[in-house]
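One-letter residues, chain by chain:
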Amino acid sequence: MATILAPTDAALGQAVVSSRSVPICIRQSLNVESGLNDGICLPILLIFLSLAGTMEGTGTASFWFRFAAMQVILGPIVGVAVGYIGGWLVSESARRKWITHSFEDLSVLGLSLFAYAIGRRPRQRRSQN
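This report concerns the structure included in the present document. (Residues numbered from 1 in each chain as written. Predicted model: local features only at pLDDT ≥ 70, side-chain atom pairs only at ≥ 80, totals over all residues. Heavy atoms only, no water.)

### Remarks on the overall build of the protein
Right, so step 1: For the protein, the helix and strand inventory stands at 6 helices and 0 strands.
Right, so step 2: Reading the protein from its N terminus to its C terminus gives the helix and strand order α-α-α-α-α-α.
Right, so step 3: Counting all 129 residues of the protein, 16% fall into the buried class.
Right, so step 4: Contacts in the protein between residues far apart in sequence, at least 24 positions, make up 53% of those at least 6 positions apart.
Right, so step 5: Put simply, the protein shows about 10,400 Å² of open surface, and 67% of that area lies on carbon and sulfur atoms. (Helix = DSSP H or I, 4+ residues; strand = E, 2+ residues; numbered from the N terminus. Buried < 20%, exposed > 50% of the residue type's maximum accessible area, 1.4 Å probe, protein only. Contact = heavy atoms within 4.5 Å. Areas by Shrake-Rupley, 256 points an atom, 1.4 Å probe, with all protein chains shown as cover.)

And the structure:
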């Protein structure tokens, strides 16, 4: 239950983060910390969902262990690789004037969709007998 509720603390702390009476460094620290909760809680939630799937009998334990490992390990690796290489390519393209500023901004969306597409595991086709 804590894994599900932890990311909601940002909504509960909105009054503190937006208050001008709180020093700016504290507001910024709280803002960064609330974003970290989402990143920390999501892998834990995926692991718990995998365990629940194992208990439900919808898959073998090894399948759900592999699924959880891929979400926690492979997902961030793919995201960092696409972000780093894609950012470098966009930066080089802009430096060499191969793309305009508008398309440079639009490339962020393209890189995000690309990271999602290559990080997503294709579903196995079921044979129709």
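Now that the structure is up, let's keep going.
### Description of unusual backbone geometry
Right, so step 1: Unusually for a residue other than glycine, Lys97 sits at a positive phi of about 60 degrees.
Right, so step 2: In this fold, Lys97 is placed in the loop between helix 5 (61–95) and helix 6 (101–119).
Right, so step 3: Given a relative accessible area of 72%, Lys97 falls into the exposed group.

### A few points about the pattern of salt bridges
Right, so step 1: The final tally for this structure, using the stated rule, is 2 salt bridges.
Right, so step 2: With a closest N to O distance of 2.8 Å, Glu92 and Arg95 form a salt bridge. Here Glu92 pairs with Arg95, and both are found in helix 5, just 3 residues apart, close to one helical turn.
Right, so step 3: We note a salt bridge from Arg96 to Glu92, for which the minimum N-O separation is 3.4 Å.
Right, so step 4: Three or more residues are tied together by salt bridges with common partners; here these are Glu92, Arg95 and Arg96. (Salt bridge = Lys/Arg side-chain N within 4 Å of Asp/Glu carboxyl O.)

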